[in-house]
Number of protein chains: 2
Amino acid sequence: MAQPGSTPRTELKRIAHKASHSQQELYRVLDSNLVAHVGIIFDGYPLVIPMAYGRVGDTLYLHGSSGSRLMRALSHNPAVCISITKLNALKVARSTFNSGMNYDAAVIFGEAKLVPDDKKAWALDAISDAILPGRMDEVRPSSKKEAAATLIIQVELNETSVKISNGAVEDEPEDLGTGVWAGLIPIRTVVGEPIPADDETAQLELPQSVKRFISDYPDKRLRSS
Amino acid sequence: MAQPGSTPRTELKRIAHKASHSQQELYRVLDSNLVAHVGIIFDGYPLVIPMAYGRVGDTLYLHGSSGSRLMRALSHNPAVCISITKLNALKVARSTFNSGMNYDAAVIFGEAKLVPDDKKAWALDAISDAILPGRMDEVRPSSKKEAAATLIIQVELNETSVKISNGAVEDEPEDLGTGVWAGLIPIRTVVGEPIPADDETAQLELPQSVKRFISDYPDKRLRSS
């Protein structure tokens, strides 16, 4: 039975047990990562570009400089596929065939729309706030000139899939008891000590946004909407 | 002037100072990461899928299960764009406009070729050895049945670009001295304590490959070729 957000394109037939269309899982993957790989068709060829993004409700906002070819290409062909992946462990089995990786992966299909000029400053702030929540309260608003130099696209989250691969190592019966080690090697992303930009900022206390980012990481934002 | 590996597609005009076509940098980015985002055209739409990979010389081998739609799609349209990105820091400026990210990014354009049956077992081992160097010496060879259940593609590294963004925070002159903190928040991937798969492996010493992976991480392999 179809679940919300699922379409024939998002069906993961071969690995259905890994597929989850749960909105909460999708939100969690989006809100705990920072880089999306955005695929488009450019001059007839596939092109994949890493981009920063922010989610607000069921809309993803992505951001690049106004001259970038991705942004220009999308104005001709708005179809995008956005992939957000977090590797969590190497799965080391007793055979290479059964070895693999545990990961969270979200895939979003959609049409990219340019955010209109009158909504751009708001969207720019929304992306910033998604990456470093609370930062907007600490800095000046973006100027009109800055907003004009930025293109922002938005993609609706209505055709999505989430795959959470977190299984244990599974070996062939004949490989057990052969004296070969097997197990998981966890891989985590962590935040290091912030490095002040200059002498001035070295004198300042860390702002709330940065403190919170460090304590909450990798959850960029803890919210339910 | 054109550099080796550069084509019009790989020229990064707007951010030329970040572009590097150095082979060493390309190798470093490929050999210190584990997941590639592979973009193809599937039924006329862009599709981006995360895949494991291994580099041998100037060839990238990528691997998925033989039934996956990516693999089947590539037999019809072999054009791929492979993007490998590592986020190294959030760049927190005194304005959102000047904020951004520091990262390593490699992009590879090419045509995916299916690795022929008689080379498959070798390529499977090569990928395994690239992800966890030395592991091949510790496990049994892949069986013919296992090789048959796997499709491996190869892409030549002859149209590539590498972008290393590692700049300091740069603020507008009018934003300096306003009491707003600015700096870098480093982000690193680290390896956790290995988790044995079961009672049997809990009794075994960690194998050399896993020990070396942990001590060398994030460099999967330290090699010059």
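Going along each chain's sequence as written, the residues are numbered from 1 onward. For this description, chains carry letters from A and ligands carry numbers from 1, given in the order in which they are written. Per-residue local features are limited, in this predicted model, to residues with pLDDT of at least 70; the limit for side-chain atom pairs, both in listing and counting, is 80 or more; totals at the level of whole chains, interfaces and linings are taken over all residues.

Trainee: What should I look at first to understand the overall build of chain A in this one?
Mentor: In this description a helix means any DSSP run of H or I spanning at least four residues, a strand means any run of E spanning at least two, and both kinds are numbered starting from the N terminus. Within chain A, the secondary structure is distributed over six helices and 11 strands. Counting across all 225 residues of chain A, residues that qualify as buried make up 45%. Considering only residue pairs separated by 6 or more positions, chain A has 74% of its internal contacts joining residues 24 or more positions apart. Around each residue's C-beta, the other C-beta atoms within 10 Å are counted; 20 or more make the residue buried, 12 or fewer make it exposed, and counts in between make it partly exposed. All C-beta atoms are placed from the backbone. By definition, residues are in contact whenever their C-beta atoms, placed on the basis of the backbone, come within 7 Å of each other.

Trainee: So what exactly am I meant to see when it comes to the pairing of strand β5 (residues 79–92) of chain A here?
Mentor: Residue and element names in this part refer to chain A. Burial runs high along β5: 12 of the 14 residues are buried. Whether two strands pair depends on DSSP finding at least two bridges between them. Here strand β2 (residues 35–42) runs beside β5; their pairing, made up of three bridges, is antiparallel. Bridge pairing links His-37 to Ser-83 in β5. Note that β5 and strand β6 (residues 100–111) share 12 bridges and pair antiparallel. Considered in β6, the bridge of Thr-85 is made with Ala-105.

Trainee: Is there a simple way to think about the interface of chain A and chain B in this case?
Mentor: It is common to give the size of an interface as the accessible area that goes away when the parts come together. Contacts between the two partners involve 74 residues from chain A, matched on the other side by 73 residues from chain B. Sort the elements by how many residues they give to the side of chain A that touches chain B and strand β10 (residues 183–191) of chain A lands first, with nine residues. Residues are grouped as follows: Ala, Val, Leu, Ile, Met, Phe, Trp, Tyr, Cys and Pro are nonpolar; Asp, Glu, Lys and Arg are charged; all remaining types, including Gly, are polar. In terms of residue class, the side of chain A that touches chain B is made up of 47 nonpolar, 18 polar and nine charged. Bridge analysis of β10(A) against strand β11 (residues 195–196) of chain B gives two bridges, and the strand direction is antiparallel. Paired with Leu184(A) across the bridge in β11(B) is Ile195(B).

Trainee: I'm lost on the relation of the copies chain A and chain B in this one. Help?
Mentor: Mapping one chain copy onto the other needs a rotation about an axis and a shift along that axis. All copies are superposed by least squares; the fitting set is the C-alpha atoms of residues with a pLDDT of at least 70 in both. Mapping chain A onto chain B is achieved by rotating through 180° and translating by 0.0 Å along the same axis, at an RMSD of 0.0 Å. On this basis, the relationship between the two copies can be described by a two-fold rotation axis. Of the C-alpha atoms belonging to chain A, the one lying closest to the rotation axis is found on Thr189(A), 2.0 Å away. An overlap of 99% is found between the interface residues of chain A and their copies at the interface of chain B, pointing to a shared contact surface.

Trainee: Hey, could you run me through the nonpolar core in this one?
Mentor: For soluble globular proteins, the rule of thumb is that nonpolar side chains tend to be buried together. To define a nonpolar core, we join buried Ala, Val, Leu, Ile, Met, Phe, Trp, Tyr and Cys residues through C-beta atoms within 7 Å and take the resulting set. Counting residues in each nonpolar core, the largest one holds 128 residues, and the members touching the most others are Val38(A) and Val38(B). Here this core gathers at least three residues from each of two domains, domain 1 (8–90 + 101–168) and domain 2 (191–218) of chain B. Leave out the neighbours within four places in its chain, and Val38(B) touches Val48(B), Ile49(B), Met51(B), Leu62(B), Leu70(B), Val80(B) and Ile82(B). Just so you know, the domain bounds were taken from an automatic or database domain assignment.

Trainee: I tried to follow the confidence of the model for chain A on my own but got confused; where do I start?
Mentor: Reading predicted coordinates in detail is not appropriate for stretches of low pLDDT. All names here are of chain A. Residues of chain A with pLDDT of at least 70 account for 86%, and the chain-wide mean is 87. Long-range and interchain partners of residues 12–18, a stretch whose pLDDT sits below 50, account for 10 contacts in this model, where long-range means more than four residues apart. Under the prediction, the complex receives an ipTM of 0.89, its pTM being 0.90. Confidence scores per residue from the predictor, reported as pLDDT, run from 0 to 100.

Trainee: Even after reading the chapter, I still don't get helix α3 (residues 117–131) of chain B, so can you show me in this structure?
Mentor: Owing to its 3.6 residues per turn, the α-helix aligns residues three or four sequence positions apart on the same side. To estimate the expected span of a helix, count its residues, drop one, and scale the result by 1.5 Å. For α3(B), spanning 15 residues, the distance from its first C-alpha to its last is 22 Å, which sits close to the expected 21 Å at 1.5 Å a residue. Those residues of α3(B) lying buried are Ala121(B), Ala123(B), Leu124(B), Ala126(B), Ile127(B), Ser128(B), Ala130(B) and Ile131(B).

Trainee: Would you mind going over the environment of Asp171(A) with me for this structure?
Mentor: All names here are of chain A. Locating Asp-171 in the fold gives a position in the loop between β9 (160–165) and β10. Classification of Asp-171 by C-beta neighbours within 10 Å gives buried; the count is 21. Separated by 127 residues in the primary sequence, Asp-171 and Gly-44 have C-alpha atoms spaced 43 Å apart. What Asp-171 contacts, discounting residues up to four positions off in sequence, is Ala-93, Arg-94, Ser-95, Asn-98, Leu-176 and Ala-182.

Trainee: Can you walk me through helix α2 (residues 69–76) of chain B in this structure?
Mentor: Residue and element names in this part refer to chain B. When we look at burial in α2, the residues that qualify are Leu-70, Met-71 and Leu-74. In an axial view of α2, the angular spread of the buried residues amounts to 100°, which keeps them on one side of the axis. Seen from the open side of α2, the exposed residues pointing more than 90 degrees away from its buried face are Arg-72, Ser-75 and His-76. The arc in question is the one traced by the directions running from the helix axis out to the C-beta atoms.

Trainee: Quick question: what am I supposed to make of unusual backbone geometry here?
Mentor: Excluding glycine, most residues fall at negative phi; most peptide bonds, likewise, are trans. Residue and element names in this part refer to chain A. In the segment running from Tyr-217 into Pro-218, the intervening peptide bond is cis, with an omega of 10°. Mapped onto the fold, Pro-218 is located in the segment after α6 (208–216). Despite not being glycine, Asp-43 shows a phi value in the positive range, around 55°. Mapped onto the elements of the fold, Asp-43 is located in the loop between β2 and β3 (45–56). Asp-43 sits in the exposed class, given 11 other C-beta atoms within 10 Å.

Trainee: Would you explain the environment of Arg212(B) in this entry?
Mentor: Residue and element names in this part refer to chain B. Summarising the element assignment, Arg-212 is placed in helix α6 (residues 208–216). Between the C-alpha atoms of Arg-212 and Gly-179, which are 33 residues apart in sequence, the distance is 46 Å. The residues contacting Arg-212, other than those within four sequence positions of it, are Pro-133 and Gly-134.

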